[in-house]
Amino acid sequence: MARMKKRNLRRKDGAWDPLVDSQQTRERAAGVPQTPQSMSPSYRLAYTDDDFLAREELRPVRLQLELLKPEMIMAERGINSTVVMFGGARIPEPGGDAWAAKNETQRRNLTAASVYYEEARKFARLCSLHSAQSGYKEYVVTTGGGPGVMEAGNRGADDIGAPSIGLNIVLPHEQAPNRFVTPDLSFNFHYFAIRKMHFLVRAKAVTVFPGGFGTFDELFETITLMQTGRMALVPLILFGEKFWRSVINFEALADFGTISLADLDLIQFVETADEAWEIISKFYETVDPATVPVASGAR
């Protein structure tokens, strides 16, 4: 028998595993002679064949992979909980260009909204200072990874040298990782549904800054999960009460009867980072994180 190269037979979790791993097999397969047979797409290892993995029939597998990859990486980093920051990609930093404005009204509004960029950055710093106390295992800042409010969140964490998560998604515009996301916590998604699951699966609090359709989608997804008892009633905090009440008439929904009056208690409004953190800290001073209440789901 030919001698084989020695390798560590212990997996990362300490389990004994004498089988050759898939990485070694991939390397061996890449080294076979180039012939018409070995160069045929049919000969590729299934898990290394991008064209095969992109087939419509493989959608269930791709969904599973997008769920597994970020989960495994965050678990390996020991991240136990997050603070989620949703908000508009088009909001500039103070003194920055309102690049998304298409007319003077939009330019004026977006420029004024830069206050939310600054508050998001401050809020992320506050979260990260408390995250440091747990070795960055709790209250880790999580954003959509793009520009605007998302950038402000990752930037605030970076200000104090703290890690932060960016959950990007492939879009035709606006969505590329901002430079403040921790590189090995920068993820990219094809499926909105899996991305939204990762936003909430570790969320100890959810904050929502002014934004557009994407921000609204994330807000209503979160509030629906809470309302129906599918998610614990963690703090759900909206920055900028005037903005939110001008674009959504929450009371009108309750008056009409399509939501209950009690549903209005699911959200809280703030103007500043300090107010938001005070809500979160007081909540967890009085509620055991292991026993956060869940709505009954009764309608």
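Along each chain, numbering runs from 1 in the same order as the chain's sequence is written. With the structure being a predicted model, the display of local features is reserved for residues of pLDDT at least 70 and the display and counting of side-chain atom pairs for 80 or more, all residues being used for whole-chain, interface and lining totals. As a rule here, side-chain values cover all heavy atoms of the structure and leave hydrogens and water aside.

(A) Structural context of the overall build of the protein. Assigned secondary structure in the protein consists of 11 helices and 7 strands. The buried share of the protein, taken over its 299 residues, is 40%. For the area figures, the Shrake-Rupley method with a 1.4 Å probe applies, and any residue is considered shielded solely by the protein chains shown. For the protein, the exposed area adds up to about 17,200 Å²; of that, 56% sits on carbon and sulfur atoms. Counting 34 positive and 37 negative side-chain charges, the protein places the averaged centre of each group 8 Å from the other. Segments assigned H or I by DSSP are reported as helices when at least four residues long, segments assigned E as strands when at least two residues long, and all are numbered from the N terminus. For the exposure calls, accessible area comes from a 1.4 Å probe over protein chains only, and a residue counts as buried if that area is under 20% of its type's maximum, exposed if over 50%, partly exposed in between. Charge convention: Lys and Arg are scored as positive, Asp and Glu as negative, and His as well as the terminal groups of each chain are ignored. Charge positions come from single atoms, namely NZ of Lys, CZ of Arg, CG of Asp or CD of Glu.

(B) Broad picture of the pattern of salt bridges. Any carboxyl oxygen of Asp or Glu that lies within 4 Å of a side-chain nitrogen of Lys or Arg is treated as forming a salt bridge with it. Scanning all chains against the criterion turns up 19 salt bridges. The salt bridge partner of Asp-13 is Arg-11, with a shortest N-O separation of 3.5 Å. Overall, the relative accessible area of 58% leaves Asp-13 in the exposed class. Take Arg-11: its relative accessible area is 43%, and that puts it in the partly exposed class. Residue Glu-218 pairs with Arg-195 through a salt bridge whose shortest N-O separation is 3.6 Å. Of this pair, Glu-218 sits in helix H8 (residues 213-227) while Arg-195 sits in helix H7 (residues 192-200), placing them 23 residues apart in sequence. Both residues of the pair, Glu-218 and Arg-195, count as buried. A single network of salt bridges, built from pairs that share partners, joins Arg-11, Asp-13 and Asp-17.

(C) Inspection of the nonpolar core at higher detail. The biggest cluster of nonpolar side chains holds 60 residues, and the ones touching the most others in it are Phe-123, Val-206 and Leu-236. Every residue pair with non-hydrogen atoms within 4.5 Å of one another is taken to be in contact. Once you skip the residues sitting within four places of it in the chain, Phe-123 turns out to touch Val-83, Met-85, Thr-207, Phe-239, Ala-273, Ala-276, Trp-277 and Ile-280. Throughout, nonpolar core names a set of buried Ala, Val, Leu, Ile, Met, Phe, Trp, Tyr and Cys residues whose side chains join them through atoms within 4.5 Å.

(D) The arrangement of the sheet that holds strand E6 (residues 236-239) in detail. The strand order across the open sheet built from 7 strands is E4-E3-E2-E1-E5-E6-E7, with neighbouring strands paired in parallel fashion. Edge positions in the open sheet fall to strand E4 (186-189) and strand E7 (268-270), since each of these has one partner strand only. With strand direction ignored, the average angle separating the axes of adjacent strands in the sheet is 25°. Note on pairing: DSSP must find at least two bridges between two strands before they are called paired. Note that E6 and E7 share 3 bridges and pair parallel. Structural elements are reduced to axes, namely lines fitted to C-alpha atoms, with helices fitted over the stretch in contact, and the angle between N-to-C directions of any two is expressed from 0 to 180 degrees.

(E) Spatial organisation of a nonpolar patch on the surface. Together, Leu-67, Met-197 and Val-201 make up an exposed nonpolar region whose accessible area comes to about 250 Å². Among the structural elements, Met-197 can be located in helix H7. A residue counts toward a patch only above 30% relative accessible area and without a salt bridge, and it is joined to like-charged neighbours within 9 Å or, for Val, Leu, Ile, Met, Phe, Trp and Tyr, to nonpolar neighbours within 5 Å.

(F) Summary view of the packing of helix H3 (residues 59-77) against H7. In contact at an axis separation of 9 Å, H3 and H7 are set at 25° when each is read in the N-to-C sense. Here H3 is positioned roughly parallel relative to H7, judged by the angle of their axes. H3 and H7 meet at a crossing whose hand is right-handed. The segment H3 lies against H7, with Leu-63, Glu-66, Leu-67, Pro-70, Glu-71 and Met-74 engaging Ile-194, Met-197 and His-198. Classification used: nonpolar for Ala, Val, Leu, Ile, Met, Phe, Trp, Tyr, Cys and Pro, charged for Asp, Glu, Lys and Arg, polar for all others including Gly. Considering only residue class, the contact of H3 with H7 consists of 6 nonpolar, 1 polar and 2 charged. By definition in this entry, angles of less than 35 degrees are roughly parallel, angles greater than 145 are roughly antiparallel, angles of 65 to 115 are roughly perpendicular, and the rest are oblique. Crossing handedness is defined as follows: a turn of the near helix away from the far one that is anticlockwise and smaller than a right angle gives a left-handed crossing, while the clockwise case is right-handed.

(G) Quick look at the side chain of Arg-121. Relative to the elements of secondary structure, Arg-121 occurs in helix H5 (residues 114-132). Whenever two N or O atoms come within 3.5 Å, that pair is a polar contact, provided that in protein one can donate a hydrogen and the other can accept it, and provided that, for residues adjacent in sequence, both atoms are side-chain atoms. At a separation of 2.8 Å, a polar atom in the side chain of Arg-121 contacts the side chain of Asp-159.

(H) Molecular detail of the side chain of Asn-178. On the secondary structure map, Asn-178 appears in the loop between strand E3 (165-169) and E4. Its relative accessible area of 7% is what places Asn-178 among the buried residues. A distance of 3.0 Å separates polar atoms of two side chains, one belonging to Asn-178 and the other to Asn-154. Among the polar contacts made by the side chain of Asn-178, one reaches the main-chain amide nitrogen of Phe-180 at a distance of 2.9 Å.

(I) Main features of H3. Take the number of residues in a helix, subtract one, and multiply by 1.5 Å to get its expected span. The end-to-end C-alpha separation of H3 is 28 Å, in line with the 27 Å expected for 19 residues at 1.5 Å each. Taken residue by residue, H3 has Arg-62, Glu-66, Pro-70 and Met-74 as its buried positions. Seen end-on, H3 carries its buried residues on one side only, within an arc spanning 90°. Among the exposed residues of H3, those pointing more than 90 degrees away from its buried face are Pro-60 and Glu-76. Tucked into the core, H3 has its buried residues touching helix H2 (50-53), E3, E4 and H7. Looking one or two residues beyond H3, the residue adopting positive phi is Gly-78, at roughly 75°. Along the arc lie the directions from the helix axis toward the C-beta atoms.

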